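Overview (structure and organization)
Given next are the chains, with one letter for each unit.
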Amino acid sequence: QKTGVKKVYFAVGAIVLLAIWLLVGYGAQMLCNFIGFLYPAYASVKAIESKAKDDDTQWLIYWVVYSCFALTELLTDIFFSWLPFYWFFKCLFLAWCMAPAKWNGSVMMYERVIRPYVLKYEARIDTALNRAQDMAGDILNEGTKMGQEASEAAVKRGVDAYLD
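What comes next concerns the included structure.

Focus: the packing of aromatic side chains
Summed over all chains, the structure comprises 13 aromatic pairs. Pairing Tyr39 with Trp59 gives two aromatic rings, centres 5.8 Å apart and planes at 75°, and the pair type is edge-to-face. Highlighted residues: Tyr39 in helix H2 (residues 28-49) and Trp59 in helix H3 (residues 54-80), separated in sequence by 20 residues. You can call Tyr39 partly exposed: its relative accessible area is 46%. Relative accessible area serves as the criterion here: at 6%, Trp59 is assigned to the buried category. When the centroid spacing of 4.9 Å and the interplanar angle of 50° are considered together, the rings of Tyr117 and Tyr121 count as tilted. One end of the pair, Tyr117, and the other, Tyr121, are both in helix H5 (residues 105-163), 4 residues apart, so they sit about a helical turn from each other. Every member of this aromatic cluster is reached through a ring pair, and the members are Phe37, Tyr39, Trp59, Tyr62, Trp63 and Tyr66.

Here's what the structure looks like:
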């Protein structure tokens, strides 16, 4: 109000500045990831603290889509990060995924791609997770047993050395 410039002009200016930075600026990857985390994390905390369930579901879907995208990006980053304007387009994708609108990208991606795939392979995924959980439990038990045996042996050697 003090400058006499409408807030919309500041918002448009900030968006244009961010877009230019994402297109040609140093640190575009950091900026893109910052945008992809900051608002969604804040909105997720607000959703957790609210009484409504719909906002919780909206942000859970966002994080599921973001996780799938991040895992895919781990495998393809070596190819896509070299594309011109990659970080700009990734940021547009993330903005689409967090948009508070009916055409929200995360809901569309979840409903059309992720959900059908998970439902189709849910039994296999659960079986694999159960096996992994059993194996992790076995490894933890074996490690605990070995640690106890090692500590008992160390104590025995210490006592024997002290008594000699």
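Back to the write-up after that little detour.
Let's talk about a negative patch on the surface
A cluster of acidic side chains, namely Asp134, Asp138, Glu142, Glu149 and Glu152, defines a negative patch on the protein surface. Along the polypeptide, Glu149 turns up in helix H5.

Considerations on H3
Its 27 residues give H3 an end-to-end C-alpha distance of only 34 Å, which falls more than 12% under 39 Å, the value for a rise of 1.5 Å per residue. At Leu74, H3 is bent by approximately 55°, the largest bend along its length. Among all positions in H3, only Trp59, Ile61, Tyr62, Val65, Tyr66 and Glu73 are buried. Along its buried surface, H3 packs onto H2, helix H4 (86-98) and H5.

Quick notes on H2
Spanning 22 residues, H2 covers 32 Å between terminal C-alpha atoms, matching the ideal 32 Å at 1.5 Å per step. All of the buried residues in H2 are Ala28, Leu31, Cys32, Gly36, Pro40, Ala43, Ser44 and Ala47. Packing partners of the buried residues in H2 comprise helix H1 (7-24), H3 and H4.

A few points about the pattern of salt bridges
For the coordinates displayed, the defined rule picks out 2 salt bridges. The partner of Lys90 in a salt bridge is Glu73, and the shortest N-O contact between them spans 3.0 Å. Of this pair, Lys90 sits in helix H4 while Glu73 sits in helix H3, placing them 17 residues apart in sequence. When its relative accessible area of 4% is taken as the criterion, Lys90 is described as buried. Measuring nitrogen to oxygen at the nearest pair gives 3.2 Å for the salt bridge that ties Asp160 to Lys156. A residue pair is termed a helical-turn pair when its members lie 3 or 4 positions apart in one helix, as Asp160 and Lys156 do in helix H5 at 4 residues. Owing to a relative accessible area of 32%, Asp160 belongs among the partly exposed residues under this scheme. Given the relative accessible area of 53%, Lys156 is considered exposed.

Basis of the calculations
- Residues numbered from 1 in each chain as written.
- Predicted model: local features only at pLDDT ≥ 70, side-chain atom pairs only at ≥ 80, totals over all residues.
- Heavy atoms only, no water.
- Phe/Tyr/Trp six-rings, centres within 6.5 Å; stacked < 30°, edge-to-face > 60°.
- Helix = DSSP H or I, 4+ residues; strand = E, 2+ residues; numbered from the N terminus.
- Buried < 20%, exposed > 50% of the residue type's maximum accessible area, 1.4 Å probe, protein only.
- Patch = residues over 30% accessible without salt bridge, like charges linked within 9 Å, V, L, I, M, F, W, Y side chains within 5 Å.
- Areas by Shrake-Rupley, 256 points an atom, 1.4 Å probe, with all protein chains shown as cover.
- Salt bridge = Lys/Arg side-chain N within 4 Å of Asp/Glu carboxyl O.
- Lys, Arg positive; Asp, Glu negative; His and termini not counted.
- Charge placed at Lys NZ, Arg CZ, Asp CG, Glu CD.
- Expected span 1.5 Å × (residues − 1).
- Bend = angle between axes of the 7 residues up to and from the residue.
- Contact = heavy atoms within 4.5 Å.

By themselves these figures say nothing about function.
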